[in-house]
Amino acid sequence: MILNCLFNGNILYYKLTDFETYIKYLEYLGFGLDILNSFSRLYSNNDNINPYCYLDQIPLENALYAKGSDFENWKKGKTLKL
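These notes cover the structure that comes with them. These numbers were taken from a predicted model, which means no experiment stands behind them.

**As for the overall build of the protein**
- Each helix and strand in the protein was counted, giving four helices and zero strands.
- Its helices and strands in sequence order give the protein the pattern α-α-α-α, from N to C terminus.
- Along the longest, intermediate and shortest principal axes, the C-alpha atoms of the protein span 35 × 25 × 20 Å.
- Counting across all 82 residues of the protein, residues that qualify as buried make up 37%.
- With an accessible surface of roughly 5,300 Å², the protein has 53% of that area assigned to carbon and sulfur atoms.

Shown next as structure tokens:
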């Protein structure tokens, strides 16, 4: 639910390679490794755990840029104004 909220849609419809790129994008935005690993386990292992203890690893100042539309622009090489 947290991942879909950040993405502003259903991220689980993405192919695995696109999902992995999205995780790299979140790392670029400053997300912590623990929450990123939690998200990765959800997609690749269908291991749905509650990442509540890692929520402080979401940089609130950049969380708005986690949207799928911003991610798609970033993949196309468009720079973000963080």
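That shown, we press on.
**Topic: the pattern of salt bridges**
- Inspection of the entire model under this criterion finds three salt bridges.
- Salt-bridge contacts for D18 lead to K75; the nearest nitrogen and oxygen are separated by 3.7 Å. Of this pair, D18 sits in helix α2 (residues 16-28) while K75 sits in helix α4 (residues 68-75), placing them 57 residues apart in sequence.
- Note on D18: relative accessible area 22%, which makes it partly exposed.
- We classify K75 as partly exposed; its relative accessible area is 36%.
- Here E72 makes a salt bridge to K75, at a shortest N to O gap of 3.5 Å. With E72 and K75 both in helix α4, this residue pair falls three residues apart, about one helical turn.
- Here the salt bridges share partners, and the residues they tie into one network are D18, E72 and K75.

**Observations concerning the packing of α2 against α4**
- Running from amino to carboxyl end, α2 crosses α4 at an angle of 95 degrees, the nearest separation of the two axes being 11 Å. Taken together, the axes of α2 and α4 are roughly perpendicular relative to one another. Here D18, T21, Y22, Y25 and Y28 of α2 come into contact with α4, specifically with D70, F71, W74 and K75.
- Looking at the contact of α2 with α4 residue by residue, the classes come out as five nonpolar, one polar and three charged.

Criteria and thresholds
- Residues numbered from 1 in each chain as written.
- Predicted model: local features only at pLDDT ≥ 70, side-chain atom pairs only at ≥ 80, totals over all residues.
- Heavy atoms only, no water.
- Helix = DSSP H or I, 4+ residues; strand = E, 2+ residues; numbered from the N terminus.
- Buried < 20%, exposed > 50% of the residue type's maximum accessible area, 1.4 Å probe, protein only.
- Areas by Shrake-Rupley, 256 points an atom, 1.4 Å probe, with all protein chains shown as cover.
- Salt bridge = Lys/Arg side-chain N within 4 Å of Asp/Glu carboxyl O.
- Axes fitted to C-alpha atoms, helices over the stretch in contact; angles between N-to-C directions.
- Parallel < 35°, antiparallel > 145°, perpendicular 65-115°, else oblique.
- Contact = heavy atoms within 4.5 Å.
- Nonpolar A, V, L, I, M, F, W, Y, C, P; charged D, E, K, R; others polar.

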